[in-house]
Amino acid sequence: MMGTRSPQDKLFAVDQIYLDYVGRDTLYGYLAQNRQHLFRDEDFAGLYCTDNGRISVPPSLAISILFLRAYEKVSFVEAVDRTKYDLRWKVALGLEMEEVPMQKSTLQEFEARLVIHERGEALLKKSIAEARRAGYLQSRKIRVALDTTPILGKGAVKDTYNLLAEGIGQLACRLAEGEGEAGAAWAERQGLSRYFGSSLKGEAAIDWDDKKQREQLLTVIVQDARWLLGLAEQAQAAHPQQAETIAAAAALLRRLIAQDVEEKPEGGCQIKPGTEKDRLVSVQDPEMRHGRKSASKRFNGHKAAVAVDLESQLIAE
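Note that the coordinates shown come from a computational prediction; the quantities given were computed from them, not determined experimentally.

Focus: a nonpolar patch on the surface
Where nonpolar side chains cluster on the molecular surface, the patch consists of Ile 17, Tyr 18, Tyr 21 and Met 97 and spans about 470 Å² of accessible area. Relative to the elements of secondary structure, Met 97 occurs in the loop between α5 (87-93) and α6 (104-116). Among the residues examined, Met 97 registers a relative accessible area of 41% and is labelled partly exposed.

With respect to the nonpolar core
Leu 171, Leu 175, Ile 221, Leu 228 and Ile 257 are the most contacted members of the largest nonpolar core, which totals 35 residues. Secondary structure elements with two or more residues in this core: α8 (160-179), α9 (183-189), α11 (211-238) and α12 (243-260). Not counting chain neighbours up to four residues away, the residues in contact with Ile 221 comprise Tyr 161, Leu 164, Ile 168, Tyr 195 and Leu 200. Core analysis: the second largest hydrophobic core is formed by 31 residues, Tyr 28, Ala 62, Val 74 and Ala 92 among them.

Side note on the packing of helix α2 (residues 27-38) against helix α3 (residues 59-72)
In contact at an axis separation of 12 Å, α2 and α3 are set at 165 degrees when each is read in the N-to-C sense. Looking at the two axes, α2 sits roughly antiparallel to α3. Read as a crossing pair, α2 and α3 show a hand that is right-handed. Counting all contacts with α2, which are made through Leu 27, Tyr 28 and Leu 31, the residues of α3 involved are Phe 67, Leu 68, Tyr 71 and Glu 72. Its residues assigned to classes, the contact of α2 with α3 comprises 6 nonpolar, no polar and 1 charged.

Observations regarding the packing of aromatic side chains
Describing an aromatic ring pair means giving the distance of the ring centres and the angle of the ring planes. Counted by the stated rule, this structure contains 5 aromatic pairs. Taking the centre distance of 6.3 Å and the plane angle of 80 degrees together, the rings of Tyr 28 and Tyr 71 count as edge-to-face. You can see Tyr 28 sitting in helix α2 and its partner Tyr 71 sitting in helix α3, a full 43 residues away along the chain. Ring centres of Tyr 161 and Trp 208 lie 5.1 Å apart, and the angle between their planes is 80 degrees; on these two criteria the pair is classed as edge-to-face. Here Tyr 161 is found in helix α8, whereas its partner Trp 208 is found in the loop between α10 (200-203) and α11, with 47 residues between them in sequence. For Tyr 161, a relative accessible area of 6% gives the class buried.

Structural notes on the side chain of Asp 260
Inspection of the secondary structure puts Asp 260 in helix α12. Among the polar contacts made by the side chain of Asp 260, one reaches the side chain of Arg 279 at a distance of 2.7 Å. Beyond its immediate sequence surroundings of up to four residues, Asp 260 is in contact with Thr 160, Leu 163, Gln 270, Ile 271, Lys 272 and Arg 279.

Details of the packing of α3 against α6
Across the interface, α3 lies against α6 with an axial gap of 10 Å and an inter-helix angle of 95 degrees. As the angle between them shows, α3 and α6 are arranged roughly perpendicular. Along its contact with α3, which presents Pro 59, Ala 62, Ile 63, Ile 65, Leu 66 and Arg 69, the element α6 presents Leu 107, Phe 110, Glu 111 and Leu 114. Looking at the contact of α3 with α6 residue by residue, the classes come out as 8 nonpolar, no polar and 2 charged.

As for the environment of Gly 274
Assignment of secondary structure puts Gly 274 in the loop between β3 (269-271) and β4 (289-292). Each C-alpha atom, one on Gly 274 and one on Asp 260, is 9.1 Å from the other, the two residues being 14 residues apart in sequence.

A closer look at α2
The terminal C-alpha atoms of α2, which comprises 12 residues, lie only 13 Å apart, well short of the 16 Å expected from a rise of 1.5 Å per residue. Residues Tyr 28, Gly 29, Leu 31, Ala 32, Asn 34, Arg 35 and Leu 38 constitute the buried set of α2.

What to know about the pattern of salt bridges
Inspection of every chain in the model, using the stated rule, returns 22 salt bridges. For Asp 15, the salt bridge identified is with Arg 35, shortest N-O distance 2.9 Å. Taken together, the residues Asp 15 in helix α1 (residues 15-22) and Arg 35 in helix α2 connect sequence positions 20 residues apart. With a relative accessible area of 9%, Arg 35 lands in the buried category. For Glu 266, the salt bridge is made with Lys 264, and the minimal N-O distance between the two is 3.7 Å. Its relative accessible area of 62% is what places Glu 266 among the exposed residues. Because the salt bridges share partners, they merge into one network encompassing Glu 72, Glu 78, Arg 82, Asp 86 and Arg 88.

So, how was this worked out
- Residues numbered from 1 in each chain as written.
- Predicted model: local features only at pLDDT ≥ 70, side-chain atom pairs only at ≥ 80, totals over all residues.
- Heavy atoms only, no water.
- Patch = residues over 30% accessible without salt bridge, like charges linked within 9 Å, V, L, I, M, F, W, Y side chains within 5 Å.
- Areas by Shrake-Rupley, 256 points an atom, 1.4 Å probe, with all protein chains shown as cover.
- Salt bridge = Lys/Arg side-chain N within 4 Å of Asp/Glu carboxyl O.
- Helix = DSSP H or I, 4+ residues; strand = E, 2+ residues; numbered from the N terminus.
- Buried < 20%, exposed > 50% of the residue type's maximum accessible area, 1.4 Å probe, protein only.
- Core = buried A, V, L, I, M, F, W, Y, C linked by side-chain atoms within 4.5 Å.
- Contact = heavy atoms within 4.5 Å.
- Axes fitted to C-alpha atoms, helices over the stretch in contact; angles between N-to-C directions.
- Parallel < 35°, antiparallel > 145°, perpendicular 65-115°, else oblique.
- Left-handed = near helix turned anticlockwise from the far one by under 90°.
- Nonpolar A, V, L, I, M, F, W, Y, C, P; charged D, E, K, R; others polar.
- Phe/Tyr/Trp six-rings, centres within 6.5 Å; stacked < 30°, edge-to-face > 60°.
- Polar contact = N/O pair within 3.5 Å; in protein donor to acceptor, adjacent residues only side chain to side chain.
- Expected span 1.5 Å × (residues − 1).

Take a look at the structure:
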């Protein structure tokens with residue numbers, strides 16, 4: 001359950017004594033004077049169960065610590081340490097001198113909740129609204145500088161063989177759910193257990209220097225995928241409650257085949273030459289793409305676009 005902070009300041013909070021010493025016009029002083037409306041517990045109510053569980057650290061306190069951590073570019077361990085001994089942090093957070101607000105794992109778990117529930121955009125919009133309220137953004141129209149930065153993806157990037165194997169495995173799991181079975185057990189009954197090992201490519205007993213053997217393996221994989229896609233069409237009609245998840249996994253597998261595989265004129269399959277535009281590189285993180293930091297440096301992940309107000313230097317988007 002969600003814990004909440006009292007609307008009344010603590011009698012022995014250090015900002016009652018040291019606010020002027022730290023500086024009212026510093027970021028820490030600003031947070032101390034405005035924390036009641038900057039970060040409110042009720043804004044994060046959707047992250048918590050409403051009727052059972054242990055009382056959490058107030059989310060308004062946790063988000064304030066994450067804000068200071070990002071501002072000072074410190075680790076989770078250092079951020080927790082700062083709440084213990086850094087007078088500026090204690091003033092900003094409204095803590096008592098010997099108060100320890102939370103442990104590292106609690107802070108990490110709270111950040112994970114924000115990511116899972118996609119709260120980043122809402123927090124950015126609120127910060128922009130606060131900047132306008134405080135007078136840092138004077139007009140609705142602002143001049144911005146745009147830039148992009150690479151973000152490494154969370155999913156494992158795999159070659160065509162293992163990528164197709166993961167797509168087959170994912171669709172098999174969705175079909176197994178419709179039958180009320182575990183994915184691996186269902187796949188074994190269907191003769192697809194090879195797609196549930198640690199690495200299909202690593203476990204394949206072929207000579208990888210032999211192009212013919214590579215293409216024969218690829219052809220078998222594609223045949224298995226297409227057979228499974230046929231089962232998926234039947235399963236969507238038979239199990240309408242799982243139809244949406246089955247359709248999504250089937251669409252992913254079709255895309256993996258289409259982007260990397262082509263039919264040979266004499267029969268069988270081969271890997272397409274070159275790299276398909278907007279190629280999907282990970283089953284775990286389908287939004288990941290191949291990207292470039294520069295002409296010579298590549299990365300696999302995402303690109304974040306950042307817009308900065310030229311006058312105030314605030315990030316606006």
